[in-house]
Amino acid sequence: MATDLKGIARSVDAAAVMKLLPARPRVLALGEPTHGEETLLDLRNALFRQLVEREGYRTIALETDCMAGLIVDAYVTSGTGTLDEVMEHGFSHGWGASAANRELVRWMRAFNGDRPGPEQVRFSGIDGPLEITGAASPRQSLTALHAYLAAHVDTTLLPCTADTLDRLFDADEPWTDAAVMTDPSRSVGRSDEARRLRLLADDLVALLDAQTPHLITATSRDDRDRARLYGRTATGLLRYHSWMADTSPARMTHLLATRDGMMAGNLLALAARGPVLVHAHNSHLQRDKSSMRMGDHPLLEWWSAGALVSAHLGEEYAFLATALGTIRHHGVDTPPPDTLEGLLFTLPDAACLIASSRLTDTLGDPPPAPRVSPYYGYAPLDPAQLPRTEGVVYVRDVARG
């Protein structure tokens with residue numbers, strides 16, 4: 001088996017990736033099975049840099065707050081702010097502290113240099129303004145959409161004033177209360193004010209669409225795309241907060257699906273502009289349903305962002321899943337030999353790329369046993385999902401960052 005696998009393993013580089021695919025996909029997704037490991041992020045940086053330089057990709061999208069990501073994009077395209085400020089304010093989930101993320105942003109700014117706009121590489125977050133403990137207030141995105149429309153369309157067409165929005169939102173603290181995640185009764189997501197805000201958000205997005213012919217001549221494409229991002233974010237956050245107030249057994253499923261739906265909407269919008277490289281957890285990018293167990297609750301299942309984008313783009317969506325051997329600093333030691341990761345562990349390379357079709361043929365039927373992770377933050381790759389991936393990036397050992 002080791003000899004067979006060695007014969008189909010390739011180096012992880014742009015040329016090897018493109019040989020797996022019939023044509024350059026509009027969205028090329030690289031997943032990771034765990035977050036926060038610099039080894040995986042360094043590999044991502046090297047691969048994405050090659051794909052930008054050699055294959056013409058001009059958008060890099062990460063699993064981070066789409067609103068905060070605007071700060072990063074402004075820096076890499078025009079030098080707005082300082083690198084320290086961008087890393088502090090442009091990433092969610094604490095990922096601005098990552099040395100690899102910092103290096104990616106630094107490289108993007110250096111790459112853009114004096115390049116004209118169409119040749120620059122852009123940055124985007126695809127996640128909503130969400131954290132494990134809750135969600136942001138929709139105030140920022142909804143008021144930004146209102147301000148854009150107020151500046152460019154007949155104000156008599158607006159469904160409300162900025163003061164009305166401010167009054168309906170009142171204080172932001174109830175919206176961002178972390179206790180809501182475990183106590184739906186504390187949520188303001190289904191209050192009278194929140195219901196009114198959802199209607200107003202819907203009207204503002206509809207007005208944005210209705211005024212498209214005028215806005216094309218009155219504003220730049222970047223401004224229009226940003227306004228659409230505001231609209232997607234505001235409506236997504238209001239929907240998310242509404243489900244946070246729910247008390248039915250489907251509450252968590254709806255929350256998880258809403259988040260991935262927001263990711264998918266952002267990815268599809270980016271893909272409409274040109275080819276996109278995206279990096280996120282495998283579970284957000286896979287074509288299969290995602291699943292999660294929470295305590296004694298039944299298994300939660302929902303369609304991932306990758307599944308949704310793939311349904312829209314078909315063969316123009318490609319997914320490379322990452323599998324790994326060890327994360328010893330988290331208690332993930334040598335994988336059992338009868339698992340997919342255990343079989344890949346026989347390879348001598350620190351990292352390699354294997355076409356999923358060839359890997360499936362080599363492994364035979366039935367597929368290897370799924371690996372069981374001793375660490376909650378790491379999700380092994382399900383061998384049954386291999387036929388719905390284009391390739392597997394295998395990293396043998398993940399060192400402590």
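Here the structure is a predicted model, which means the values were calculated and not measured.

**Points about the pattern of salt bridges**
Consideration 1: Under the defined criterion, the tally for this structure stands at 22 salt bridges.
Consideration 2: One salt bridge connects Arg 287 with Glu 390, and the closest N-O pair in it is separated by 3.0 Å. Of this pair, Arg 287 sits in the loop between α14 (282–285) and β7 (289–292) while Glu 390 is found in the loop between α17 (356–363) and β11 (391–397), placing the two residues 103 residues apart along the sequence.
Consideration 3: Using a relative accessible area of 23% as the deciding quantity, one classes Glu 390 as partly exposed.
Consideration 4: The shortest N-O distance in the salt bridge between Asp 397 and Arg 328 comes to 4.0 Å. Taken as a pair, Asp 397 in strand β11 and Arg 328 in the loop between β9 (317–326) and α16 (340–344) lie far apart in primary sequence, 69 residues in all.

**As for the sheet that holds strand β3 (residues 122–127)**
Consideration 1: Spatially, β3-β2-β6-β1-β9-β11-β10 is the arrangement adopted by the 7 strands of the open sheet, whose pairing is mixed. The open sheet terminates on both sides in strands that have one partner only, identified here as β3 and β10 (351–355). Each strand axis lies, on average, 25° off the axis of its neighbour in the sheet, ignoring direction.
Consideration 2: As defined by bridge partners, strand β2 (residues 59–65) adjoins β3 across 5 bridges and the pair is classed as parallel. Opposite Asp 65, over in β3, you have Asp 127 as the bridge partner.
Consideration 3: In the packing of α17 onto the sheet, the strands contacted are β10 and β11, and the crossing angle to β10 comes to about 85°.

**Examining helix α8 (residues 162–169)**
Consideration 1: What α8 keeps buried is the set Thr 164, Leu 165, Leu 168 and Phe 169. Burial along α8 is one-sided: seen end-on, the buried residues are contained in an arc of 130°. Opposite its buried face, α8 presents the exposed residues Asp 163 and Arg 167, each directed more than 90 degrees away.
Consideration 2: Positioned one or two residues after α8, Asp 170 has a phi angle of 55°, which is positive.

**Some details on the domain arrangement of the chain**
Consideration 1: Partitioning the chain into structural domains gives domain 1 (1–21 + 326–377) and domain 2 (137–247).
Consideration 2: Distance between the C-alpha centres of domain 1 and domain 2: 45 Å.

Criteria and cut-off values
Residues numbered from 1 in each chain as written. Predicted model: local features only at pLDDT ≥ 70, side-chain atom pairs only at ≥ 80, totals over all residues. Heavy atoms only, no water. Salt bridge = Lys/Arg side-chain N within 4 Å of Asp/Glu carboxyl O. Helix = DSSP H or I, 4+ residues; strand = E, 2+ residues; numbered from the N terminus. Buried < 20%, exposed > 50% of the residue type's maximum accessible area, 1.4 Å probe, protein only. Pairing = 2+ DSSP bridges. Axes fitted to C-alpha atoms, helices over the stretch in contact; angles between N-to-C directions. Contact = heavy atoms within 4.5 Å. Arc of directions from axis to C-beta. Domains from an automatic or database assignment.

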